[in-house]
Amino acid sequence: MKMAVYRGERHVEVADVPKPAVVKSGDALVRVTVAGVCGSDLHIYEGRVPGCEGWGMGHEFVGVVEQVGPEVHRFKPGDRVVSSFYIACGHCEYCRRGWTNQCVERGAFGYGEFFGALGGAQAEFITVPLADTTLEAIPDGITDEQAIFVGDILATGFFAAERAEIKPGDSVAVIGAGPVGLMAIMCAQLFGPARVFVIDMVDSRLEFAQGIGAVPINATETHPVEAIKAQTGGYGADRSIECVGVLEAVQTAIECVRGGGTISMVGIPNHTIGDFPYLDVWQRSLTFRAGWCNVQPHMRPLLDLIAAGRLKPESIISHRMKLDQADEAYRIFDARQATKIVLTP
Ligand SMILES: [Zn+2]
Ligand SMILES: [Zn+2]
């Protein structure tokens, strides 16, 4: 079968590899119908993640179950499914508390030996371990292109908005209008804010964000913290959601909230450490939250919100390409010429 394989920095090749199989009793074999190219794939593509060379790429996918192991109870061949981007067991102490991202058996698809040694989803087939917890059935009426978002970036946007503790009437600042930022804007709106500001440096991204109801602020033209203060009576936003992962964006997320505000950071940090403004956070009684999403508990409610027409994540898809074009897809995504690319085998 065909799979997008990482060959080294900025080199992805669609190669012929052996078809994966059901190996463990909890595995499901899924025929992939749509796979996404995600911003976090670029961490691998740009050469920052060790242990990925020769491994399959991709962690966002939907498909049809082909075969299941004897301990898979929730799915059978023929079921349409969406997968979380990482596996979780469903019964460890973390999973039972809803913290699937801390699962003792966690591992992410498409991250090679760095994280779980699982298959890549930008492929014709993929083996899904711990399938009962990792997959969710797609209800009739929801398309593959809608469902794919609940396995990663829409769940991340919701996780970010939920942890920002948005109350009706709040003002919210979203830092970054990339795919995750756009999902965060959509999800923030579920909590009833009066205004959602969005900070970015690219006009086309800001225009899209404005189209889904956000107030755009271009950080190359104006100081974003001053702009938000000017529009909130000098106080700052009630909540901020950081969706970039670079230190300057985290700094902006902290500075743009009022005293007593909450910062929710989901951008994957590009640095392991940096200065943290302890005194400022203490003096202004800020709440700072960071982390990556508990996907599994969010998949079902998010599918229901899509079915109800309250979330339209598929609106951000800018490019539909064939799996064979994966190398080109990575090239244009890396060049920031595409908002969201989906691949079909
Ligand atoms: Zn992702
Ligand atoms: Zn677990």
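Above this text sits the structure in question.
These remarks concern the structure in this document. These numbers come from a predicted model, not from an experiment.

Looking at the environment of Leu 311
So, point 1. Counting through the fold element by element, Leu 311 comes out in the loop between helix H11 (295-307) and strand S16 (319-322).
So, point 2. Of the residues examined, Leu 311 reaches a relative accessible area of 2% and is grouped as buried.
So, point 3. Counting along the chain gives 134 residues from Leu 311 to Ala 177, while the straight-line C-alpha distance between them is 17 Å.

Structural notes on the coordination of the zinc ion (ligand 1)
A metal bound by six donors in octahedral fashion has ideal angles of 90 or 180 degrees, whereas one bound by four tetrahedral donors has an ideal angle of 109.5 degrees.
So, point 1. Ligation of the zinc ion (ligand 1) by protein atoms is provided by Cys 38 (SG), His 59 (NE2) and Asp 152 (OD), these donors lying 1.7 to 2.2 Å from the ion.
So, point 2. Each donor residue of the zinc ion (ligand 1) lies on the same chain, and together they follow the pattern C-x20-H-x92-D. Taken as a pair, Cys 38 in the loop between strand S3 (28-37) and helix H1 (41-45) and Asp 152 in the loop between helix H4 (144-147) and helix H5 (153-163) lie far apart in primary sequence, 114 residues in all.
So, point 3. For Asp 152, a relative accessible area of 5% corresponds to the buried category.

What about a nonpolar patch on the surface?
So, point 1. A contiguous nonpolar surface patch, about 310 Å² in accessible area, is contributed by Tyr 94, Trp 99 and Val 104.
So, point 2. Take Val 104: it is sitting in the loop between helix H2 (93-96) and strand S7 (107-108).

Concerning the packing of H5 against helix H6 (residues 179-188)
So, point 1. Two numbers describe how H5 lies on H6: the axes approach to 8 Å, and their chain directions differ by 55°. When the axis of H5 is compared with that of H6, the two are oblique. For the crossing formed where H5 meets H6, the hand is right-handed. Note on element contacts: H6 touches H5 through Pro 179, Val 180, Met 183, Ala 184, Cys 187 and Ala 188, opposite Ile 153, Leu 154, Thr 156, Gly 157, Phe 158 and Ala 161.
So, point 2. Here the residues of the contact of H5 with H6 are counted per class, giving 10 nonpolar, two polar and no charged.

Criteria and cut-off values
Within every chain, residues take consecutive numbers counted from 1 along the sequence as written. Naming scheme: in the order in which they are written, chains are lettered from A and ligands are numbered from 1. Side-chain atom pairs in this predicted model are given and counted only at pLDDT of 80 or more, local residue features only at pLDDT of at least 70, and totals for whole chains, interfaces and linings cover all residues. The side-chain values count all of the structure's non-hydrogen atoms but skip hydrogen atoms and water molecules. A run of H or I in DSSP becomes a helix once it reaches four residues, and a run of E becomes a strand once it reaches two; helices and strands are each numbered from the N terminus. Buried residues are those whose accessible area, probed at 1.4 Å on protein chains only, stays under 20% of the maximum for their type, while exposed residues exceed 50% and partly exposed ones sit between those limits. For Na, K and Ca the donor cutoff is 3.2 Å, while for all other metals N, O and S atoms count as donors only within 2.8 Å; water does not appear among the atoms, so some sites may look incomplete. The patches reported here contain residues having more than 30% relative accessible area and no salt bridge. Joining distances are 9 Å for like charges and 5 Å for nonpolar side chains (Val, Leu, Ile, Met, Phe, Trp, Tyr). For accessible areas, the Shrake-Rupley method is used with a probe of radius 1.4 Å. Any residue's cover is judged against the shown protein chains and nothing else. We define a salt bridge as a side-chain nitrogen of Lys or Arg found within 4 Å of a carboxyl oxygen belonging to Asp or Glu. Only C-alpha atoms enter the line fits that serve as axes; for helices the fit covers just the stretch in contact. Angles between N-to-C directions range over 0 to 180 degrees. Any angle from 65 to 115 degrees is called roughly perpendicular, while one under 35 is roughly parallel, one over 145 is roughly antiparallel, and all others are oblique. By definition, turning the near helix anticlockwise from the far helix through less than a right angle yields a left-handed crossing, and turning it clockwise yields a right-handed one. In what follows, a contact means two residues having at least one pair of non-hydrogen atoms within 4.5 Å. Note on residue classes: Ala, Val, Leu, Ile, Met, Phe, Trp, Tyr, Cys and Pro are nonpolar, Asp, Glu, Lys and Arg are charged, and everything else, Gly too, is polar.

Purely spatial values, then, with no claim about function.
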